[in-house]
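Listed below are the residues making up each chain.
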There are 2 protein chains.
Amino acid sequence: MPKFSVTFHPSDRKILVDEEENLLQAAMEAGIHVNASCGGSATCGKCKVKLLKGVVDSPKHPKLSQWEYDQGYRLACLTSIRSDVEVEIPIESQVDKSVLALKGDRGVHKYLLAPQDIYQLVPGWEVDPAVFKRYVQLDPPTLKDNVSDLTRLINGLTHQHGIEGVSADFRVIMKLSHILRPSDWKVTATLVLTKKGYKLINVEPGDNTHRNYSIVLDIGTTTIFGQLLDLNGCVVYACPGGVCDGTTLFALAEASDYNAQISYGEDVITRIVYSQRPGGLKKLQEVVVSTINKIIQELLEMSKIERSLISHLVIAGNTTMTQLLLGIDPKYIREEPYVPTANFIPPVRAIHLGINIDEHVHIYIFPMVASYVGGDIVAGILGSGVFQRETLTLYMDIGTNGEMVLGNKDWLASVSCSAGPAFEGAGIKFGMRATRGAIEEVSINHRTYEPMILTIGRAKPIGICGSGLIDAVAELLETGMIDQNGKFRRDLPTDRVRKGPDGYEYVLAQKGETLFSEDIVLTEIDIENLIRTKAAMYAGCKVLYDSVGLSLKDVEQVIIAGGFGRHLDLEKAIFIGLLPEIDSEKFIFVGNGSLLGARLLSFSKNLLKETERIALMMTNLELSNHPTFMNEFIAAMFLPHTDSSAFPRVMERLYRVRRDYRSERMVEGQL
Amino acid sequence: MPKFSVTFHPSDRKILVDEEENLLQAAMEAGIHVNASCGGSATCGKCKVKLLKGVVDSPKHPKLSQWEYDQGYRLACLTSIRSDVEVEIPIESQVDKSVLALKGDRGVHKYLLAPQDIYQLVPGWEVDPAVFKRYVQLDPPTLKDNVSDLTRLINGLTHQHGIEGVSADFRVIMKLSHILRPSDWKVTATLVLTKKGYKLINVEPGDNTHRNYSIVLDIGTTTIFGQLLDLNGCVVYACPGGVCDGTTLFALAEASDYNAQISYGEDVITRIVYSQRPGGLKKLQEVVVSTINKIIQELLEMSKIERSLISHLVIAGNTTMTQLLLGIDPKYIREEPYVPTANFIPPVRAIHLGINIDEHVHIYIFPMVASYVGGDIVAGILGSGVFQRETLTLYMDIGTNGEMVLGNKDWLASVSCSAGPAFEGAGIKFGMRATRGAIEEVSINHRTYEPMILTIGRAKPIGICGSGLIDAVAELLETGMIDQNGKFRRDLPTDRVRKGPDGYEYVLAQKGETLFSEDIVLTEIDIENLIRTKAAMYAGCKVLYDSVGLSLKDVEQVIIAGGFGRHLDLEKAIFIGLLPEIDSEKFIFVGNGSLLGARLLSFSKNLLKETERIALMMTNLELSNHPTFMNEFIAAMFLPHTDSSAFPRVMERLYRVRRDYRSERMVEGQL
């Protein structure tokens, strides 16, 4: 709930912000340019603004003289807003782009759903986990009632909880007699619903029903994300009626790390190649398991949950990642006609893969559709609710690969393109994923060509992540520093553009401001890689709706999933032609869609069947030999696109800003 | 089909025999006594008979002089019958007992069913094994049809064989892609029907459907029996319509051995005690697995079947043996209230137990009813068809323990008694199981007290097995050498009865005639053990039908199962009170009932459900605290029983032979 207004002078632009909002952040959101090339880490001292009215928290800083401080100058990056305020932007940054902005008051934030909103995507499900615990108090055996220990327990589950058709895991049988007696026949049973009924997987002494947790993992080619969930959260604390209001379903802990397989190849193809070496498959399995174990360890430490209380693992990954994790040779994924080994994987005992978790824990592995449309996409379709929606929806997962799904509750079609891992930092000179120190927002002054950058955590810049990359390219295009082919103008009056070892480049942050005392630059090669990626995505979408006889106009909703962090700027993504130019109200950003689906599945056993249905229903179109894909791809290798009629508003804006800038410079005698 | 008649003079007794029948065997069956204390091994030279008419094969022997041979004397144990013959028994053995015999022409053989008859016990089932192979020819994948390898295979099974609802074992998925391609997409799938549908457990290149075998095992406390079965036998060669005529369902190989756990205790109680030592449970599991592996090895060598062609193991064992095999602590089986850990065991992968067989092979373990009524009994009820019979049937399994089941298709009640392993050789000074060299038939001349013994394999005697023991005690009773308490008369005019280190004993074979140059004797203690065993069995049966308000008269059929070998003599078993005195037509001997059930289950998946139903339907009565069992047991500690009205024919016979013998001896001046 934005509370305070911030008015920027001299443009008189006003936005609403939360209490304690950072002033530099507010400027970025308002489309006000403030020079800031240290990412908000209070290093460069360039983000000086003058407070005209209102209350802020803002400390002194060596880059501010006492006179400046007394005059009301503050470093925006150090300033927290405490009331309605008015600030003046120093003259060198006065020309802002607010007039050009298409976006609304809160910028992209209105498209990025808060966690509780996400559950509105999939209404109607109940918190009723597939792996659950039930407490039973059994009568001790007597000579008149000396049924077996297992029968006694199963009868207890039936009579006390109405659970029928239970079969027992052999390991439970092994230890059962020695748990029932010391616990005075009062035990907690852990059950899992499988396709084939309930399976008893664990028995603990006493009542442990309130301690039941799961870990969900998204195994990406580049990054692995994990969350630790309290499977009782909702049932106990918030939703006595059983229908979830979603508010308590947040993860207790989140952790992520690079997939350690990265050392053996950046994308799935190089991984598959590595797996064909002697011992390669085993090695790749070992290292991904080592990353998983590291993440589990972190989740346990962060949440202070004991390892033995984890009852379930849910894993979503693309087909290659899934096969490598399981140790299934992925060879034929890479060879035409691109055949995966299996779509449905039976539950696997986690310790069998080397995962450091109790022996009773099984892994639910999201089913796969094709070699390049994996469990991560099925999870995304589940988690974003496409599977139960009437409206025609386009689901785009933008990661190391790009996968797109078109459809609704009745049908689903998918394509995938090996876009290259640009958005996850690979193939980009200073690329990195969206962690602390990554440049996530970029604005460039159209007169001075000076950047304003914001890093995640307001730390000294280390590199640039996916959203920062899109911002930067959009800004370079908008300011006319690059042409529509992505090439730098050679005649720009700024040191920021220069010829480096890899060709022309733009200096985003200078070595004095960065963490590693090295300039952070964006090269023409980086830009070309980005264009290649966005072209593949765009062309894939085009083929997708063409193939089913529909057009972009028919699409009623676009769901964007992917590892962009919180700050992908919708308008900028459209501006460079990564996303199609359609009404911005149609877009929803869900963040990591796979993790979302994995979390949902953890909480609701009813979604097991839906997940299977999604995987069976989805039809995959192979792009590799598709008659029109390559043409569409080449047509999209342009900013925003060679077909300018597909991006009328972008083209109009590009024309307008170029004209405005030109006339402005003419006024100032620069042209 | 008996072909030739044999007439014994001077009694003029005639029986029909097969061609090449051994003459000593024929005499035993006819109830003609011939002295023979080397078991038929041509050592003692006592079985001289004179050929009067007909053709025989019979070699010369040092114990026969040339004169004797010329006169027509032959050693009966060396003589094969080649035509209708007439023989004269020498004067010292002339008094035979044929006038006393109750049994018919072919003796006990008419009650012991031939293997093919056994299938008449369970009519109506079809050969349709739970583990079966299907050959599929798949279309290779193309870009237009690039479903996963597993989906392709499962679709093939559905379209080519109508098999639906198949799930795959993870190990199949692991190797699938590398089997399909080299075999040109023509493979054989091995499937198993479980309670939860079909599971794909193996894939082999090419068409291997004609090579599908199972091994069934009866894990006894003393002995382990195994059979190797051709699961296609009937389908391919004999029963195109599917309904089995039974003729091709014999095992390809049979093997047995002592359960190596014997070194750690003779019965289940001592085994359980041993299992409570540190490392004891593990040790017992290891050694039983070592015996199983030995038997499997033997079966494979005998049948010349490759190990990899075995698709299924079916195991029936008592509850303690089952828990020990699985490594489940049997502690509470022994402690009141005698609770087993589980009745139903999920399918277990054989290699997980250390069994040397391919990794895809699962074990079906027969469900158990109670701590002392195990899977062996459930298998017996299945194999003997009690579960589908209208008539009231008493099923008795006589082994290390005795278990009795009363009931029909609608209800079943069971009891068990720790009879002691007398019938399997333990607790008997020269006891052994029914293998080569075991005395299996005994007859004693009532005048000379000389024995006529037959050993298995006509080898030199090593010891005495269950059937021999019953024969011997019955003969000792009939000849008046022991009284009804089982004590030897002290005044007998023979060296065969003497005082040995363990008290009075009867010399069955003298050291010159035995394999180990030691007298083989039967002691009073042996006899007491036998009486204890038979008393427990009898009392158990009594309690069983008393408990359900029925009496022996209501029992329409008695099925005898157990490791007696081929030659348990029904009349002698009744004579000593082991079996109740009812019409001999009501008895059926089925041999190893557990193995019978295990074999049936191997061949028919429809019997999986029936087996579960049997285990659930059976009500076990605990004898340990039963109000009347101890009284019944004490009443039965007498030969045949303290209640002589329950054995009117035995008592009449005992009275008559005693009178006849006495008058005979008076005539001869011996009394």
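Calculation rules
Residues numbered from 1 in each chain as written. Chains lettered and ligands numbered in written order. Predicted model: local features only at pLDDT ≥ 70, side-chain atom pairs only at ≥ 80, totals over all residues. Heavy atoms only, no water. Least-squares fit on C-alpha atoms with pLDDT ≥ 70 in both. Contact = heavy atoms within 4.5 Å. Buried area = accessible area lost by both parts, 1.4 Å probe. Polar contact = N/O pair within 3.5 Å; in protein donor to acceptor, adjacent residues only side chain to side chain. Helix = DSSP H or I, 4+ residues; strand = E, 2+ residues; numbered from the N terminus. Nonpolar A, V, L, I, M, F, W, Y, C, P; charged D, E, K, R; others polar. Pairing = 2+ DSSP bridges. Axes fitted to C-alpha atoms, helices over the stretch in contact; angles between N-to-C directions. Phe/Tyr/Trp six-rings, centres within 6.5 Å; stacked < 30°, edge-to-face > 60°. Buried < 20%, exposed > 50% of the residue type's maximum accessible area, 1.4 Å probe, protein only. Lys NZ or Arg CZ within 6 Å of the ring centre and 35° of its normal.

Chemist: Please explain the relation of the copies chain A and chain B as it appears in this structure.
Modeler: The pair of chain copies shares a relation made of a rotation about an axis and a shift along it. The operation relating chain A to chain B is a screw motion whose rotation component is 180°, with 0.1 Å of axial translation and a residual RMSD of 0.1 Å. Both copies of the chain, as the preceding transformation shows, are related through a two-fold rotation axis. Scanning chain A for the C-alpha nearest the rotation axis identifies A:Lys196, at a separation of 2.9 Å. Same-surface contact between copies: 100% of interface residues of chain A are shared with the interface of chain B.

Chemist: Is there a simple way to explain the interface of chain A and chain B in this structure?
Modeler: Accessible area lost when the parts come together is the quantity often used to give the size of an interface. On the side of chain B, 41 residues touch chain A, which itself brings 41 residues to the contact. For the pair chain A and chain B, the summed buried surface comes to about 3500 Å²; carbon and sulfur atoms form 63% of the total. Broken down residue by residue, the surface that chain A buries against chain B is led by A:Leu143, A:Phe170 and A:Lys196, which jointly contribute 19%. Linking chain A with chain B are 16 residue pairs in polar contact (both at pLDDT 80 or more). Of all the secondary-structure elements, those providing two or more residues to the side of chain A that touches chain B are helix H4 (149-161), strand S9 (166-168), helix H5 (170-180) and helix H10 (331-334) of chain A. If you tally residues by element for the side of chain A that touches chain B, the top one is H5(A), at 6 residues. Taken together, the residues of the side of chain A that touches chain B sort by class into 22 nonpolar, 12 polar and 7 charged.

Chemist: How should I be thinking about the sheet that holds strand S25 (residues 503-509) of chain B in this particular structure?
Modeler: In any sheet, the strands associate via hydrogen bonds between backbone groups, in a parallel or an antiparallel arrangement. All names here are of chain B. Read from one edge of the open sheet, 3 strands run S24-S25-S26, paired in antiparallel fashion. Each edge of the open sheet carries a strand with a single partner, namely strand S24 (497-500) and strand S26 (520-523). Recorded for the sheet is a direction-independent mean angle of 45° between the axes of neighbouring strands. Relative to S25, S24 runs antiparallel, the two sharing 4 bridges. Residue pairing in the sheet places Val-497 in a bridge with Tyr-506 of S25. Helix-sheet contacts for helix H13 (residues 524-547) involve S25 and S26, and the interaxial angle to S26 is about 55°.

Chemist: Is there a simple way to explain the packing of aromatic side chains in this structure?
Modeler: The description of an aromatic ring pair uses the distance of the two centres, along with the angle that the planes make with each other. All names here are of chain A. This structure, assessed with the given rule, holds 12 aromatic pairs over all chains. Ring plane angle 65° and centroid distance 6.3 Å describe the contact between Tyr-338 and Tyr-372, whose orientation is recorded as edge-to-face. Taken as a pair, Tyr-338 in the loop between H10 and strand S16 (348-349) and Tyr-372 in the loop between strand S17 (362-365) and helix H11 (375-383) lie far apart in primary sequence, 34 residues in all. There is no split in this pair, since Tyr-338 and Tyr-372 are both buried. Taking the ring centre of Trp-185 as reference, the NZ or CZ of Arg-152 above it sits at 5.8 Å.

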